[in-house]
Amino acid sequence: MAEATVRAGGGVRSPEQWHGGEVTLRQLYLTLKAGMWLIVLVAVVCGVAAFLIVGSSGPRFVSTATVTVTPPAVGGTSLSGLDVSIPATLDFEAYRALAFDPALLEGLDLPAGTDPVVLLGHLELVSRAPASQVRGHVTVDHVVTGGASGFTRDDAVHVANSWAGATAAAVTRFLTTPVDDAIDAVSVETAARKAEFDAASEAWASFLGVDERRSLNDRLDALTQLDSVQRSRLAMLDGAVAAADARATALRAELEQGGVGSSVAASQLVADQLALSVGDTAALQAERDHLAAVVQQTAGDATALRARLIDLESRAASLQRDLAAASMTFYRVAPAGPSLHLQRDLAARSVTVAVPAATPLLPEPRGRLVATVAAIAVGALFTTLFVFLRAAVRDPEA
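Keep in mind that what you see is a predicted model, and the values were worked out from it rather than measured. (Residues numbered from 1 in each chain as written. Predicted model: local features only at pLDDT ≥ 70, side-chain atom pairs only at ≥ 80, totals over all residues. Heavy atoms only, no water.)

Q: Residue-level account of the nonpolar core, with values.
A: Formed by 29 residues in total, the largest nonpolar core has its most connected members in Val69, Tyr95 and Trp163. Among the secondary structure elements, those contributing two or more residues to this core are strand S3 (61-69), helix H3 (92-99), helix H4 (102-106), strand S4 (123-128), strand S5 (138-146) and helix H6 (153-209). Leaving out residues up to four positions away in the same chain, Tyr95 has contacts with Val67, Val69, Leu90, Leu125, Val140, His142, Thr167 and Val171. (Core = buried A, V, L, I, M, F, W, Y, C linked by side-chain atoms within 4.5 Å. Buried < 20%, exposed > 50% of the residue type's maximum accessible area, 1.4 Å probe, protein only. Helix = DSSP H or I, 4+ residues; strand = E, 2+ residues; numbered from the N terminus. Contact = heavy atoms within 4.5 Å.)

Q: Please give an account of the packing of H6 against helix H8 (residues 264-333) that cites residues and values.
A: Between H6 and H8, the least distance of the axes is 8 Å, while the angle of their chain directions is 155°. Considering their axes alone, H6 and H8 lie roughly antiparallel with respect to each other. In this structure, H6 meets H8 at a crossing whose hand is left-handed. Classifying every residue of the contact of H6 with H8 gives 14 nonpolar, five polar and six charged. (Axes fitted to C-alpha atoms, helices over the stretch in contact; angles between N-to-C directions. Parallel < 35°, antiparallel > 145°, perpendicular 65-115°, else oblique. Left-handed = near helix turned anticlockwise from the far one by under 90°. Nonpolar A, V, L, I, M, F, W, Y, C, P; charged D, E, K, R; others polar.)

Q: An account of the environment of Thr352 is needed here, citing residue identities and associated values.
A: Within the fold, Thr352 resides in strand S6 (residues 351-355). Along the primary structure Thr352 and Thr172 are separated by 180 residues, whereas in three dimensions their C-alpha atoms are 9.1 Å apart. If we skip the residues at most four places from it in the chain, Thr352 touches Thr66, Val67 and Thr68.

Q: Could you give an account of the pairing of S3, with specific residues and numbers?
A: Judged by how many residues are buried, S3 sits mostly within the fold: seven of nine residues are covered. Here nine bridges tie S3 to S5, and the two strands are oriented antiparallel to one another. Across the sheet, residue Ala65 finds its bridge partner in S5, namely His142. (Pairing = 2+ DSSP bridges.)

Q: Explain the side chain of Thr281 to me, and be specific about the residues and the numbers.
A: Along the chain, the position of Thr281 falls in helix H8. Setting aside chain neighbours within four positions, we find Thr281 in contact with Val241, Ala244 and Asp245.

Q: Outline the packing of aromatic side chains, listing residues and values.
A: Summed over the entire model, instances satisfying the criterion amount to five aromatic pairs. Here the aromatic rings of Phe100 and Trp163 are separated by 5.4 Å at their centres, their planes lie at 65°, and the arrangement is edge-to-face. On the criterion of sequence distance, the pair formed by Phe100 in the loop between H3 and H4 and Trp163 in helix H6 is long-range, its members being 63 residues apart. The partly exposed category is assigned to Phe100, whose relative accessible area is 27%. Taken together, a centroid distance of 5.6 Å and an interplanar angle of 5° make the contact between Phe197 and Phe330 stacked. With Phe197 in helix H6 and Phe330 in helix H8, this residue pair connects regions lying 133 residues apart in the sequence. (Phe/Tyr/Trp six-rings, centres within 6.5 Å; stacked < 30°, edge-to-face > 60°.)

See below:
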């Protein structure tokens with residue numbers, strides 16, 4: 001810079017005229033003055049161009065449709081059975097991906113002759129995020145700009161509503177698909193648990209049709225009482241047989257003793273009593289033996305009844321256990337189905353087009369003056385930079 005020269009007025013300044021390599025304000029002024037005509041010319045051209053470009057595009061009409069997504073936090077609790085809670089949340093990035101899905105845009109009800117690729121230049125998504133908005137809730141404006149050649153403001157309204165409705169349907173599918181999958185899985189599980197419960201119920205009902213526990217208990221009680229009576233009678237017969245044997249023994253001893261010193265009549269009387277005692281003893285022994293056999297048979301019958309009763313009680317306990325397990329499993333799974341259906345309905349209703357697009361009455365402010373001033377300022381700035389750079393790199397001998 002110290003070796004450069006600046007052409008001003010009628011001559012070229014030598015390096016010695018730079019006062020030791022320093023640039024003065026006068027030298028800067030002279031450089032600026034020398035290129036002022038170029039700066040003004042470029043600034044005017046930029047301003048006129050900006051004014052014409054902004055004015056030639058015509059009025060722009062902005063149409064906006066607002067979609068709200070407010071998924072509910074619904075889930076089962078331990079009181080209602082199986083704990084099933086499907087997250088149904090959506091952020092703005094996921095919403096944007098769904099809204100600008102190519103398949104969705106191609107499926108829109110577009111005006112005749114509208115190219116989907118060109119349509120992207122008219123679409124914009126604006127997310128609203130107020131401080132009070134709950135996490136997972138999304139409010140989005142679908143902004144469509146119309147008024148250009150071939151795309152009127154009525155087309156913008158139609159596209160905005162169509163785009164918002166299609167996006168709301170896509171978001172609804174996004175939120176309900178996991179719930180639908182859970183409903184299918186729970187339905188299959190519920191059907192399996194219901195089949196187990198029905199099988200256990202049918203088995204228990206079949207058992208109740210042949211259940212003899214009550215009658216067997218009554219028969220066993222009767223046999224127990226009969227056995228007690230029979231054993232008491234057997235004990236009495238044992239005592240009577242023992243007494244008869246003792247009496248017969250005593251009569252034999254008396255008969256043997258009386259045969260030496262007693263009269264014939266006394267001996268005959270003792271002999272008759274002995275014969276009678278022997279007959280009574282034989283009768284008592286026969287009755288005792290018969291009663292002992294009856295008691296043994298009664299005990300056997302009671303043992304058989306107890307075995308049948310134990311088997312029936314074991315079958316009943318097993319069937320009741322299976323029925324209780326199947327019932328508990330079924331009634332834990334069954335409430336999950338209605339809960340998921342409720343969650344799906346609420347999730348499907350959480351996506352709505354809250355504010356449909358309406359025909360805009362006034363065009364969007366274009367700001368032609370602001371654009372013109374900005375273009376003039378930018379053009380003047382870059383031209384000034386060009387003038388100083390040109391002066392700095394110019395050959396001093398030129």
